[in-house]
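Inside the fold
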Amino acid sequence: MSGRAEAVSGVMREARLAGARRVVDLGVHVSFHSSLMAGAEAEFAEALSRTAFRAPEIPVLSATTASPVTDAAEAAAVLRRQLSGRVRWTDTVQRLTAAGVDRFVEVGPGRVLGGLCRRIAPGARVRTTDDARRLDQALGAVAAA
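Summary of the structure given here. Because the structure is predicted, anything quoted here is derived from the model rather than measured. (Residues numbered from 1 in each chain as written. Predicted model: local features only at pLDDT ≥ 70, side-chain atom pairs only at ≥ 80, totals over all residues. Heavy atoms only, no water.)

**Some thoughts on the overall build of the protein**
Within the protein, the regular secondary structure consists of 6 helices and 4 strands. Seen in sequence order, the protein has helices and strands lined up from the N terminus as α-α-β-β-α-α-β-α-β-α. Out of the 145 residues in the protein, the part that is buried amounts to 24%. Across the protein, every contact between residues at least 6 apart in sequence was considered, and the portion connecting residues at least 24 apart equals 45%. A total accessible area of about 9900 Å² is found for the protein, and carbon and sulfur atoms account for 56% of it. Of the side-chain charges in the protein, 20 are positive and 15 negative, and the distance between the mean point of each set is 7 Å. (Helix = DSSP H or I, 4+ residues; strand = E, 2+ residues; numbered from the N terminus. Buried < 20%, exposed > 50% of the residue type's maximum accessible area, 1.4 Å probe, protein only. Contact = heavy atoms within 4.5 Å. Areas by Shrake-Rupley, 256 points an atom, 1.4 Å probe, with all protein chains shown as cover. Lys, Arg positive; Asp, Glu negative; His and termini not counted. Charge placed at Lys NZ, Arg CZ, Asp CG, Glu CD.)

Put into structure tokens, the structure is as follows:
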């Protein structure tokens, strides 16, 4: 869930009072994936319009659609929607595992997405990388597989 800080805090409090098993503040200080990003999305769209895109050479799934990205225009469109659009992470991971994917690498700080992958696909191997050393290890493990 994403939104204004006071609204998010209120919903978290209500969820706890209603008996939610787990309520986690991700510590993200920007309202990604919400309408509050509309201004940034417009600016990002302008930058995207000046960028040359090609059709993906390897399969790519968009987390905003949980569907394959097949051409250049679609790649730009889903990147734009990523800022303010809903994320379909569960659907995306399920689609990947249905296609036989059993290894996931989270690149960047934090371990939230890797943890979600573990819950969505319990048998999957998940690596998180938050520094160059871990990234090198993860790439080595993927290459060996």
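**Describing the nonpolar core**
Grouped together as the largest cluster of nonpolar side chains are 6 residues: Val93, Phe104, Cys117, Ala121, Ala124 and Val126. Residues contacting Val126, with those up to four places away along its chain left out, are Phe104, Gly114, Cys117 and Arg118. (Core = buried A, V, L, I, M, F, W, Y, C linked by side-chain atoms within 4.5 Å.)

**Some words on the pairing of strand β4 (residues 125-129)**
Of the strand pairs in this sheet, strand β3 (residues 103-107) and β4 are connected by 5 bridges, and their pairing is parallel. What sits directly across from Glu106, in β4, is Thr128. Handedness of the crossover is the feature at issue here: the chain leaves β3, passes through helix α5 (residues 112-120), returns alongside β4, and the resulting connection is right-handed. (Pairing = 2+ DSSP bridges. Right-handed = clockwise from strand over helix to strand, strands pointing away.)

**Quick word on the pattern of salt bridges**
Where charged atoms from two side chains of opposite charge approach closely, those side chains can pair. Under the criterion given, the structure shown has 7 salt bridges. Between Arg103 and Asp102 there is a salt bridge; the shortest N-O distance is 3.2 Å. Residue classification places Arg103 among the partly exposed residues on the basis of a relative accessible area of 34%. One connected set of salt bridges, linked through shared partners, spans Arg111, Asp130 and Arg134. (Salt bridge = Lys/Arg side-chain N within 4 Å of Asp/Glu carboxyl O.)

**Here we look at the side chain of Ser31**
Mapped onto the elements of the fold, Ser31 is located in the loop between α1 (5-17) and α2 (38-49). Polar side-chain contacts of Ser31 include one of 2.7 Å to the backbone oxygen of Gly3. The residues touching Ser31, leaving out its near neighbours within four places in the chain, are Ser2, Gly3, Arg4, Leu36 and Met37. (Polar contact = N/O pair within 3.5 Å; in protein donor to acceptor, adjacent residues only side chain to side chain.)

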